[in-house]
Amino acid sequence: MSATFVGMPAFPEAARAALADPQLRHNLAHATDTIRRKRASVVAEIPEWEELRLVGAAVKDSALRSLDTHLVELEERLVANGAVVHWARDAAEACAIVAEVATRHSAEEVVKVKSMVTQEIGLNEALAAQGIAAWETDLAELIVQLGDDLPSHILVPAIHRNRAEIREIFRTKMAAAGRPAPDDLTDDPAALAGAAREHLREKFLRAKVAVSGANFAVAETGTLVVVESEGNGRMCLTLPDVLVSVVGIEKVLPTWESLDPMMRLLPRSSTGERMNPYTSTWSGVTPGDGPQEVHVVLLDNGRTNALADDVGRQALRCIRCSACLNVCPVYERTGGHAYGSVYPGPIGAILNPLLKGTGVDEQTDSLPYASSLCGACFEACPVRIDIPEVLVHLRTKVVDSHRGDRVLKPEAVAMKAAAFAFSDARRLALAERASGLAGRVIGRWGKTRLPGGRPAAGRIPGPGAAWTSARDMPAPPKESFRAWWKRTSGGRS
Amino acid sequence: MSARDEILGRVRAALADVDTSADVAVPAAPRSAAPPGDVVELFLERVADYRAVVERCSVADLVERVRAALPEGGRVVVPPGLEIEIVGAVADDHLSAAELDAVDAVVTAARVGIAETGTIVLDHQPDQGRRALSLVPDHHVCVVRADQIVPDVPDAVTMLDPSRPQTWISGPSATSDIELDRVEGVHGPRVLHVIVVDP
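Remember, it's a predicted structure, so these values are computed and weren't measured experimentally.

Each value, and the rule that gives it
- Residues numbered from 1 in each chain as written.
- Chains lettered and ligands numbered in written order.
- Predicted model: local features only at pLDDT ≥ 70, side-chain atom pairs only at ≥ 80, totals over all residues.
- Heavy atoms only, no water.
- Helix = DSSP H or I, 4+ residues; strand = E, 2+ residues; numbered from the N terminus.
- Buried < 20%, exposed > 50% of the residue type's maximum accessible area, 1.4 Å probe, protein only.
- Contact = heavy atoms within 4.5 Å.
- Polar contact = N/O pair within 3.5 Å; in protein donor to acceptor, adjacent residues only side chain to side chain.
- Buried area = accessible area lost by both parts, 1.4 Å probe.
- Salt bridge = Lys/Arg side-chain N within 4 Å of Asp/Glu carboxyl O.
- Nonpolar A, V, L, I, M, F, W, Y, C, P; charged D, E, K, R; others polar.
- Pairing = 2+ DSSP bridges.

Participant: Tell me about the environment of S170(B), and please be specific about residues and values.
Facilitator: Its place among the elements puts S170(B) in the loop between β9 (166-169) and β10 (174-175). A residue is classified by how much of its surface remains accessible, and S170(B), at 0% relative accessible area, is buried. Along the chain, S170(B) and I114(B) lie 56 residues apart, while their C-alpha atoms are 9.4 Å from each other. Beyond its immediate sequence surroundings of up to four residues, S170(B) is in contact with M275(A), N276(A), P277(A), Y50(B), T117(B), G118(B), T119(B) and R182(B). Reaching out from S170(B), the side chain makes a polar contact with the backbone oxygen of N276(A) at a distance of 3.4 Å. In this structure the side chain of S170(B) is engaged in a polar contact, spanning 2.9 Å, whose partner is the side chain of T119(B).

Participant: Outline unusual backbone geometry, listing residues and values.
Facilitator: Working note: non-glycine residues mostly have negative phi, and peptide bonds are mostly trans. Although it is not a glycine, S106(A) adopts a positive phi angle of roughly 50°. The residue S106(A) is located in the loop between α5 (91-104) and β2 (109-112) in this model.

Participant: Account for the interface of chain B and chain A, with residues named and values stated.
Facilitator: Taken residue by residue, the interface counts 74 residues in chain B and 88 residues in chain A. Around 7,000 Å² of area is buried between chain B and chain A when both sides are counted, 58% of it from carbon and sulfur atoms. Between D23(B) and R65(A) there is a salt bridge, and its shortest N-O distance comes to 2.7 Å. Taken together, the connections running from chain B to chain A amount to 38 residue pairs in polar contact (both at pLDDT 80 or more). Of all elements in the fold, only α1 (3-14), α2 (39-49), α4 (97-101), α5 (153-159), β9 and β10 of chain B reach the threshold of two or more residues within the side of chain B that touches chain A. At 9 residues, α1(B) tops the list of elements feeding residues into the side of chain B that touches chain A. The class makeup of the residues in the side of chain B that touches chain A is 34 nonpolar, 18 polar and 22 charged. In this structure, strand β9 (residues 278-282) of chain A lies alongside β9(B), joined through 4 bridges in antiparallel fashion. Bridge pairing in β9(B) links T279(A) to W168(B).

Note that every value here comes from positions in space, so none of it alone points to a role or purpose.
Right under this line is the structure:
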């Protein structure tokens with residue numbers, strides 16, 4: 001029904017393919033430029049933004065530092081409010097719980113609010129395997145689902161598509177999923193949004209079961225919060241008889257009051273608005289209003305791995321605003337698919353290895369390197385996740401996890417060789433003589449010059465090819481420091 | 001072991017290095033300086049920024065203003081506890097979703113208005129009706145009393161009761177999903193008409 005990320009190549013390979021697509025690069029540059037401007041202008045309206053970020057980070061930290069207590073409290077309050085609470089260790093358990101609820105109500109379809117966590121656990125595919133159709137109702141998710149495509153952004157999963165491509169998807173694919181697109185559909189965004197409204201309305205009106213995530217789960221009051229724009233969330237949370245919400249355990253906020261900094265930080269960071277069009281909050285079942293059967297699935301799926309990492313656990317503060325994606329020079333050029341996960345961009349580069357572990361698969365291990373460490377993500381993050389710090393920490397873990405490999409990576413061989421040369425004065429002198437000779441050769445025969453005139457090696461063959469395919473290596477100096485010191489008596493002669 | 005006990009066990013093991021005994025309470029979030037001028041005027045300006053229709057009137061003019069805000073000849077539904085007389089309107093009596101879909105407009109009250117962000121919060125008491133009521137019809141006329149408007153988000157959060165379902169509304173339904181361009185009008189009411197009434 002929809003494509004999956006399973007079997008994606010490691011980042012460098014996937015990025016190369018993305019970079020070769022001029023339409024994709026144009027779409028991304030346009031969209032990220034638009035959203036960066038909007039965010040900058042609404043953040044500039046708040047003089048106390050920096051203090052607000054500090055409080056936002058502190059609120060999430062205080063929730064995480066006593067997470068067990070808050071989770072137990074959340075469960076108690078939810079149950080007292082009439083909700084049914086389930087716990088799921090992993091994706092398969094969570095999907096089975098949702099499928100069981102739908103099956104018990106003989107539902108052949110469910111309507112879905114856009115939710116990162118249900119993407120993470122592959123819920124749509126799991127439900128399809130049980131003969132249950134899961135309809136995405138967010139406009140971008142609908143575009144991705146109808147196009148049999150993959151999401152490429154946390155907030156706007158179809159950011160890689162432009163209006164003409166979206167019109168084509170609606171015209172060719174909507175009919176098979178329900179009400180067809182009108183014949184005279186144009187690529188005007190308002191017309192495209194109108195077509196989605198008509199297409200989904202019949203699904204909202206007949207749906208018996210809805211599935212959502214939650215942006216926040218308030219422990220003290222047993223309240224779930226969904227932040228959205230279109231009203232598809234309100235439709236799903238209000239019209240069906242049964243609501244199942246899958247909530248990552250890191251979504252907990254300790255108190256109702258702690259919603260305040262979050263609701264000031266999230267919309268401005270995310271869509272660049274003072275406030276998003278719609279936010280719904282509900283505390284279990286409300287008699288006579290909305291679903292009368294409410295389930296909450298509390299999901300681990302690797303979050304406790306991330307929590308156990310004392311440097312990496314700050315990533316669990318993430319409120320999925322996607323500000324870090326929009327400011328990232330790497331994301332802006334490669335797009336989200338290259339990260340091979342529903343969590344792309346800088347946050348994905350740390351979250352995926354933290355959830356799945358390092359040293360397990362090559363694709364995940366490639367992610368901490370998908371960054372220039374420029375730090376723009378940290379500056380933009382509303383809850384001050386120091387993404388560069390975690391990236392460097394995870395690179396260490398990736399290297400450590402390969403120490404016992406039988407076949408060493410070229411980088412490890414180079415480091416071992418360097419350690420051998422540097423640990424003995426005579427060996428170092430020999431190496432310096434060799435590098436001085438290389439410097440002379442490159443200076444004499446090499447054609448590449450760096451700005452300023454320093455000679456450099458162009459593409460070199462063999463083990464150095466991977467390094468020099470995208471970089472110029474400066475020619476080594478003809479004389480080493482030690483040789484110069486000896487020749488000039490420390491600069492005196 | 002149950003999934004619950006196992007997850008809680010993993011959380012505790014993951015936090016074994018964390019000592020919370022010296023943790024201090026999270027400081028209250030900083031508040032913005034009071035907006036210069038009238039909060040009601042700021043509210044009107046900020047709601048209008050979302051391309052909602054806004055107006056301000058006196059109690060004496062309210063009934064007439066609400067009537068003028070409704071689509072001509074349209075079917076109108078109101079929550080059972082609305083204290084504004086609207087000729088020809090149907091009071092909600094457990095209408096089905098399909099029945100609500102056949103209605104053109106809804107008139108509700110509100111619980112609180114937030115000036116800084118131009119947000120209306122409904123907590124779905126009898127004068128606002130259940131959540132579906134202000135969602136399915138395409139035209140929402142919302143009456144906010146001037147004294148219900150607070151300066152900023154923290155003021156609203158403190159006043160609101162989390163045990164009640166809430167809907168925070170900032171302008172008409174919108175999306176930025178196509179090239180990150182904001183377009184009004186997707187699934188929620190495409191017209192939001194806010195009338196602030198001075199007591």
